[in-house]
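Here's the letter readout for the chains.
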Amino acid sequence: MGTMTTLADVLEARTALAAPELVETISNDRVRCYACGHECPIPDGAVGVCKVRFNRGGALHVPWGYVGGIQCDPIEKKPFFHAHPGALAYSFGMLGCDLHCSYCQNWVTSQALRDPSAVSPPIDTSPRRLAEDARRLGARVLVSTYNEPLITSEWAVEIFKEARAANLLTAYVSNGNGTARVLDYIRPWIDLYKVDLKSFDDRHYRQLGGRLEPILRTIRALHEMGIWLEIVTLLIPGFNSSDDEITRLTSFLASVSPFVPWHVTAFHKDYRMNDPENTTPEMLIHAAKIAKAAGLNYVYAGNIPGGVGDLENTWCHECRALLIERYGYFIQQYRLTPDGACPDCGAAIPGRWGRQFEGQLTSTPFLPGSRRLRVF
Ligand code: SF4
């Protein structure tokens, strides 16, 4: 290992055939992949835009049998604020992505096959081992994250089946570049879905290698399917931070549902995008004001703990009572009733709540540890 070619070779050996729902033969040995919004037509011997799904002899091969990395995160980091607050989210990443955002914060795994300096070797494992490891560590949720989960949906579904059998919830942390077919395919096996809505401008999405329209369609479809949905937007000064863009973006979300939580988070200089300034707390607070004016009830500001006033907390949409108090990912107070209602006015609070707050195993991410990884 150590060179780009070798990593691609290693991954090529770890594949299965694509699910029939996610592939179509277009001509003799040409196939179309439906795992993400690119819907790549792939000739024999070629790879898709994501570089991890490829056509060999007219059959679409997809990633299988490994993970790129595992980390234990507080569920607040994903971020999910309306799903089992305080829970441990056992998170696995694969390799590759269908977009190429220059500011990506997970570039070691997402761009491993594009950028020679981004090499991350795979760890062989099985769905059962992952689910067992998650249980052993006290996780409540098993999450596909760090790179784009849609492009490895067959493997995620296999893992999620074991997760469900082990009484775990399942989740995607995704860019939302989906298709009707892939959403139908994962639907029976997924509980929570976070979409990273990066912009409301199609030109910006094209800069990142995607299009806005499939992402908006995915957001609407997920909500209609009843999958618990939260949206995050990394506010990048000068890229997506104009009042006009934030107004259009949050008005769209409010048209899907005024109860979809929206997290607006701070950009820190990273990877190759060094030009924009870091997002200030004032910028987040300003964007949050726009979102509330657009009709969103649950608006959160992230990445600047203690710096964004009351925008880390959950407040009842009816009576404005404090429901959950947070500092960063740390839960300081939890007041919801066992039925997930406001204790003061009785309003049902949208989300997936446990009967009670079950404590918090960690408010900072940690690695399962090399000793645990070896048991794979
Ligand atoms: S997952 Fe997306 S990028 Fe990859 S081959 Fe399929 S359609 Fe193309």
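Figured I'd write up the structure that's included with this text. Note that the coordinates shown come from a computational prediction; the quantities given were computed from them, not determined experimentally.

1. Re empty space enclosed by the protein
Part 1 of the argument: This model, assessed by the stated rule, comprises two cavities of 30 Å³ or more.
Part 2 of the argument: In this structure, the largest cavity spans a volume of roughly 70 Å³.
Part 3 of the argument: Looking at the largest cavity, it is lined by 13 residues, and the ones nearest its centre are C33, C36, H38, C40 and C50.
Part 4 of the argument: Grouping the constituent residues of the lining of the largest cavity by class yields eight nonpolar, two polar and three charged.
Part 5 of the argument: In this structure, the second largest cavity spans a volume of roughly 60 Å³.
Part 6 of the argument: As for the second largest cavity, its lining consists of K292, N297, Y298, V299, Y300, D310, L311, N313, T314, W315 and R320.

2. Here's the deal with the pattern of salt bridges
Part 1 of the argument: Here the structure, examined in full by the defined rule, presents 15 salt bridges.
Part 2 of the argument: For the salt bridge of D124 with R14, the shortest nitrogen-to-oxygen distance reads 2.6 Å. In this pair, D124 is assigned in strand β10 (residues 123–124) and R14 in the loop between α1 (4–12) and β1 (15–17), connecting sequence segments 110 residues apart.
Part 3 of the argument: Taking the shortest distance from any N to any O, the salt bridge between D133 and R136 comes out at 2.2 Å. Of this pair, D133 and R136 are both found in helix α3 (residues 127–136), three residues apart, which corresponds to roughly one turn of the helix.

Rules used throughout
Residues numbered from 1 in each chain as written. Predicted model: local features only at pLDDT ≥ 70, side-chain atom pairs only at ≥ 80, totals over all residues. Heavy atoms only, no water. 1 Å grid on protein atoms, 1.4 Å probe; cavity = no way out; pocket = protein on both sides within 12 Å on 5 of 7 lines; lining within 4 Å. Points joined across faces, edges and corners; volume = space filled by probe spheres on them. Nonpolar A, V, L, I, M, F, W, Y, C, P; charged D, E, K, R; others polar. Salt bridge = Lys/Arg side-chain N within 4 Å of Asp/Glu carboxyl O. Helix = DSSP H or I, 4+ residues; strand = E, 2+ residues; numbered from the N terminus.

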